[in-house]
Each structure stands twice: as C-alpha cells, then as structure tokens.
Amino acid sequence: MSKPSPEVYEQGKGMDAHNKVMREIRSEKDATYDPHEPTRVWIDEDNTPDGVYQSLTIILNTGGCRWARAGGCTMCGYVAESVEGGSVSHDALMDQIDVCLDHEASEAEEKSGLIKIYTSGSFLDEREVPAETRQGIAETFADRDRIVVESLPDFVEREKIEDFTEQGLKTDIAVGLETGTDRVRRDCVNKYFEFEQFIEASEMAEAAGAGIKAYLLMKPPFLSESEAIEDMIRSVEKCAEYAHTVSMNPCNVQRYTMVDELHFRGGYRPPWLWSVAHVLEETADADAIVVSDPVGHGSDRGPHNCGDCDDRVQRAIKDFDLRQDPSVFEQVTCDCERTWDAVVERETLYNGPLTR
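The model shown is predicted, which means the values in this text are computed figures rather than measured ones.

Topic: the packing of aromatic side chains
- Tallied over the full model, the rule gives eight aromatic pairs.
- Between Phe195 and Tyr242, the aromatic rings sit 5.8 Å apart at their centres with planes inclined by 70°, giving edge-to-face as the arrangement. Taken together, the residues Phe195 in helix α7 (residues 195–207) and Tyr242 in the loop between α8 (225–239) and β7 (245–250) connect sequence positions 47 residues apart.
- When the centroid spacing of 6.4 Å and the interplanar angle of 80° are considered together, the rings of Phe198 and Tyr242 count as edge-to-face. Placement of the pair is Phe198 in helix α7 and Tyr242 in the loop between α8 and β7, with a sequence separation of 44 residues.
- Phe198 sits in the buried class, given a relative accessible area of 0%.
- In textbook terms, an aromatic cluster arises when at least three aromatic residues are bridged by ring pairs, as seen for Trp67, Tyr192 and Phe193.
- Its guanidinium or amino end placed over the ring of Tyr268, Lys219 lies 5.7 Å from that ring's centre, counting from NZ or CZ.
- Looking at Lys238, its charged tip hangs above the ring of Phe195, at a distance of 4.4 Å from the centre.

As for the environment of Ser106
- Looking at the secondary structure, you find Ser106 in helix α3 (residues 90–107).
- Relative accessible area serves as the criterion here: at 54%, Ser106 is assigned to the exposed category.
- For Ser106, the side chain forms a polar contact with the main-chain oxygen of His103, separated by 2.9 Å.

Thoughts on the environment of Arg312
- Within the element layout of this structure, Arg312 appears in helix α11 (residues 310–323).
- A relative accessible area of 33% means that Arg312 is categorised as partly exposed.
- Along the chain, Arg312 and Phe193 lie 119 residues apart, while their C-alpha atoms are 37 Å from each other.
- Setting aside its immediate chain neighbours within four residues, Arg312 contacts Val332 and Thr333.
- At 3.1 Å, the side chain of Arg312 and the backbone oxygen of Thr333 are in polar contact.

Thoughts on the side chain of Glu347
- Within the fold, Glu347 resides in the segment after α12 (336–346).
- Salt bridges are absent for the buried Glu347, whose nearest opposite-charge side chain, Lys219, sits at 4.4 Å.
- Here Glu225 takes part through its backbone nitrogen, which lies 3.0 Å from a polar atom of the side chain of Glu347.

Topic: the side chain of Gln254
- Looking at where Gln254 falls in the secondary structure, it is placed in the loop between β7 and α9 (258–264).
- With a relative accessible area of 16%, Gln254 lands in the buried category.
- Looking at Gln254, its side chain comes within polar contact range of the main-chain nitrogen of Gly77, at 2.6 Å.
- Engagement of the side chain of Gln254 in a polar contact is seen with the side chain of Asn252, the distance being 3.3 Å.
- What Gln254 contacts, discounting residues up to four positions off in sequence, is Met75, Cys76, Gly77, Tyr78, Asp260 and Arg301.

Observations concerning the sheet that holds strand β5 (residues 170–178)
- Spatially, β1-β2-β3-β4-β5-β6-β7-β8 is the arrangement adopted by the eight strands of the open sheet, whose pairing is mixed. With one partner strand each, in any of the chains shown, β1 (40–48) and β8 (289–292) form the two edges of the open sheet. With direction set aside, neighbouring strand axes in the sheet form an average angle of 25°.
- In the sheet, β5 pairs with strand β6 (residues 211–218) via six bridges, with the strands oriented parallel. From the neighbouring strand, Gly176 faces β6, where its bridge partner is Tyr215.
- Running over the sheet, α7 touches β5 and β6 and is turned about 150° from β6.

Things to note about the pairing of strand β4 (residues 146–150)
- Taking burial as the measure, the five residues of β4 include five buried ones, the bulk of the element.
- Along β4, one buried face is formed by Arg146, Val148 and Glu150 and the opposite face, lined by Ile147 and Val149, is buried too.
- Once the chain exits strand β3 (residues 114–118) it traverses helix α4 (residues 131–140) before rejoining the sheet at β4, and the crossover so formed is right-handed.
- Bridge count between β4 and β5: five bridges; the pairing is parallel. When the bridges of β5 are listed, Arg146 appears paired with Lys170.

Thoughts on the packing of α8 against α12
- Direction vectors running N to C along α8 and α12 enclose 85°, while the axes themselves pass 7 Å from each other. Taken together, the axes of α8 and α12 lie roughly perpendicular to each other. Here Glu225, Ser226 and Ile229 of α8 lie close against α12, whose contacting residues are Trp340, Val343 and Val344.
- Looking at the contact of α8 with α12, its residues break down into four nonpolar, one polar and one charged.

Thoughts on the pairing of β8
- Burial along β8 is two-sided: Ile289 and Val291 and Val290 and Ser292, pointing in opposite directions, are all buried.
- Two elements, β7 and β8, share four bridges in a ladder whose sense is parallel. Note that in β8 the partner of Thr245 across the bridge is Ile289.

Remarks on a negative patch on the surface
- A contiguous patch of negative charge on the surface is contributed by Asp34, Glu37, Asp91, Asp95, Asp98, Asp102 and Glu132.
- The leading source of residues in the negative patch is α3, at four residues.

So, how was this worked out
- Residues numbered from 1 in each chain as written.
- Predicted model: local features only at pLDDT ≥ 70, side-chain atom pairs only at ≥ 80, totals over all residues.
- Heavy atoms only, no water.
- Phe/Tyr/Trp six-rings, centres within 6.5 Å; stacked < 30°, edge-to-face > 60°.
- Helix = DSSP H or I, 4+ residues; strand = E, 2+ residues; numbered from the N terminus.
- Buried < 20%, exposed > 50% of the residue type's maximum accessible area, 1.4 Å probe, protein only.
- Lys NZ or Arg CZ within 6 Å of the ring centre and 35° of its normal.
- Polar contact = N/O pair within 3.5 Å; in protein donor to acceptor, adjacent residues only side chain to side chain.
- Contact = heavy atoms within 4.5 Å.
- Lys, Arg positive; Asp, Glu negative; His and termini not counted.
- Salt bridge = Lys/Arg side-chain N within 4 Å of Asp/Glu carboxyl O.
- Pairing = 2+ DSSP bridges.
- Axes fitted to C-alpha atoms, helices over the stretch in contact; angles between N-to-C directions.
- Right-handed = clockwise from strand over helix to strand, strands pointing away.
- Parallel < 35°, antiparallel > 145°, perpendicular 65-115°, else oblique.
- Nonpolar A, V, L, I, M, F, W, Y, C, P; charged D, E, K, R; others polar.
- Patch = residues over 30% accessible without salt bridge, like charges linked within 9 Å, V, L, I, M, F, W, Y side chains within 5 Å.
- Areas by Shrake-Rupley, 256 points an atom, 1.4 Å probe, with all protein chains shown as cover.
- Charge placed at Lys NZ, Arg CZ, Asp CG, Glu CD.

Here's what the structure looks like:
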C-alpha cells in the first residue's frame with residue numbers, strides 16, 4: 001500500500017492526527033456481524049456505456065479495509081460493519097454470494113445483466129477477498145454482461161482483472177477517488193494516494209481490457225457548500241479524461257466517523273440536494289456518464305433541502321442518472337432554493353453551517 005509522505009505523517013499532525021482520532025471513535029463499536037451474510041444486497045437500475053441495466057448490487061462482509069484499520073477516511077463508517085478478526089474465509093464469502101443470488105431470484109423477474117460488488121474496503125485486496133474467492137465469483141457471474149468491482153488504486157493489477165475479462169465479462173474497476181484535488185483528498189478525506197496513482201490504475205485497467213468508474217465525494221468535512229460545489233465540478237471534468245463513468249456521492253453522516261462527531265456538535269451539514277443538481281447540470285457535457293445516488297436523502301444525516309421538495313429533487317436526480325438530460329431539473333422548484341442561493345453566496349465557514 002502507498003504511504004503518505006513524511007510531512008503529512010508527522011506524529012500528532014496531518015494524517016497521523018486524523019487516524020488517531022478515528023481509531024478512538026471506531027473503538028466505540030460493539031456490534032458483531034455474521035461472516036456468512038452480506039452487509040447489503042439490492043436490485044436497482046444503472047446507466048453504463050452499453051445502456052441502462054438492471055443491476056444486482058452486493059456489499060460483501062469482509063474483514064474490513066486495511067486503511068480504515070489504521071484510522072481511515074473521515075466520512076466512512078463501513079469498516080464498523082465488517083467482521084471482527086480481519087479476515088473472512090473463502091467458504092463464508094461464497095455463502096454470502098449464495099444469499100445474494102437467492103435475493104435476486106426472489107426480488108427480480110430475471111437475472112441482472114450488471115453485477116456490482118463492493119466491500120468495506122477493496123475487493124481486489126487479497127487480504128479482504130482471497131484470489132480463490134475472486135476467481136469463484138468471476139465464474140459464478142460469467143453468464144452476466146457486465147461487472148463492477150471496487151478497489152483502491154494500489155490493488156489494481158492486470159492478473160486480477162483478467163479473472164473477469166477472461167470470462168467474457170465487461171469489467172469496470174470502481175475507484176474511490178473522492179476528489180480530483182490532492183489537498184482535499186488528503187486533508188479533508190484523509191485518503192493517502194494522489195491523483196497520479198488514479199491515472200496509473202486507469203492505465204492498468206485499460207491494459208487488462210477493463211474500464212474505470214470514478215467515485216467522488218460531494219462535500220467532505222472542512223469545506224463550505226460553495227467550496228464543495230466548485231471542487232466537484234473541477235473533479236468531474238478532470239476524471240472524465242480517465243473514467244467512462246463518474247459517480248458523485250453526496251456525503252452522508254455515518255456512525256463511528258469524524259463526520260459524525262462534527263455533525264453531533266453542529267459543525268457539519270450534509271450537502272444540499274440543490275448542490276447535487278447544480279453540479280450535474282454544470283457537468284452534463286462532460287465526456288463521461290455522470291451520475292449521483294444521494295443516500296439518505298431528505299434526512300438530517302443525508303443530503304437534503306427543506307424537507308418539502310427532497311423527494312422531488314431526488315427523483316429528478318435519478319431521472320438524470322438514467323437519461324443524462326439536464327432539463328429534468330427545470331421541472332422542480334421550491335422556495336428553499338433561495339435559501340440555498342444565499343448559503344452558496346454567504347457561507348464561508350465549514351464548521352458553522354448557515355442552515356441545518
């Protein structure tokens with residue numbers, strides 16, 4: 001795994017300070033999880049370079065992200081849902097896949113053409129998902145059209161990707177880049193790699209016959225609303241050169257995270273849904289499919305507006321995801337848009353949001 005530079009890893013400062021705080025926060029977790037059950041599974045629709053597919057999304061329950069065990073990203077609580085002990089056996093992981101197949105059989109009329117597999121860290125990290133399991137999953141879904149697996153850039157290797165491409169699967173590597181700005185990724189997200197490593201991973205994926213899907217984070221902590229909007233617009237445009245799809249994920253407040261601590265003390269507000277819509281409108285002509293999935297929309301801990309218009313704006317965002325037509329946002333209005341305008345214009349502090 002790549003290492004932060006000595007300057008940002010100085011004891012008590014930078015990443016070292018972030019990691020220390022987050023280890024303390026995550027030590028409060030007391031829940032346990034069954035290694036034979038996936039964390040989550042659901043059926044949805046997704047836009048791909050080959051059109052819209054019914055998708056089966058799987059979040060495998062693994063031993064957890066190795067970066068998160070050091071402290072990890074300021075907003076990510078997924079490691080708190082991982083199995084204790086640092087590893088899950090091949091047989092248990094394949095049991096999880098069977099549970100997901102049973103779910104698909106009961107909830108969908110037909111098999112999903114698109115499979116998306118995530119973990120609390122990196123699917124291509126063999127400490128989380130052994131090579132035997134990766135190969136078994138590739139064989140299990142060989143009859144599908146397309147598969148997406150998530151990984152940090154460090155673990156993107158040609159031989160691992162070819163387990164899927166050699167099955168005839170169109171394969172995409174989803175990278176949690178979070179932002180195209182190295183400073184924001186380091187200081188706000190506490191992620192250790194730089195944009196150059198994302199480029200190297202995209203080149204490795206291309207050499208193996210796979211594509212890249214970039215995941216961005218809308219409004220990490222320590223940014224105002226306007227700064228978050230500007231960062232996302234720049235990041236989408238920058239990523240479009242290397243990824244065929246850019247998924248902008250508005251930050252939500254997850255338990256056992258630094259964002260949760262800030263939110264509890266009134267120092268963080270999730271992004272406005274108007275901000276999400278604005279970024280999608282502004283980047284609609286980017287040379288990539290740009291989508292967003294505001295998890296927890298309408299709640300205090302998720303991206304939200306005033307409460308009255310949240311569902312309507314969410315539906316417009318989902319419609320945009322599938323059709324890539326920015327005119328969908330002309331169909332939704334609300335008085336709170338004027339409040340959002342004032343926030344974007346006047347809010348200068350990250351730790352004192354003008355509205356809750």
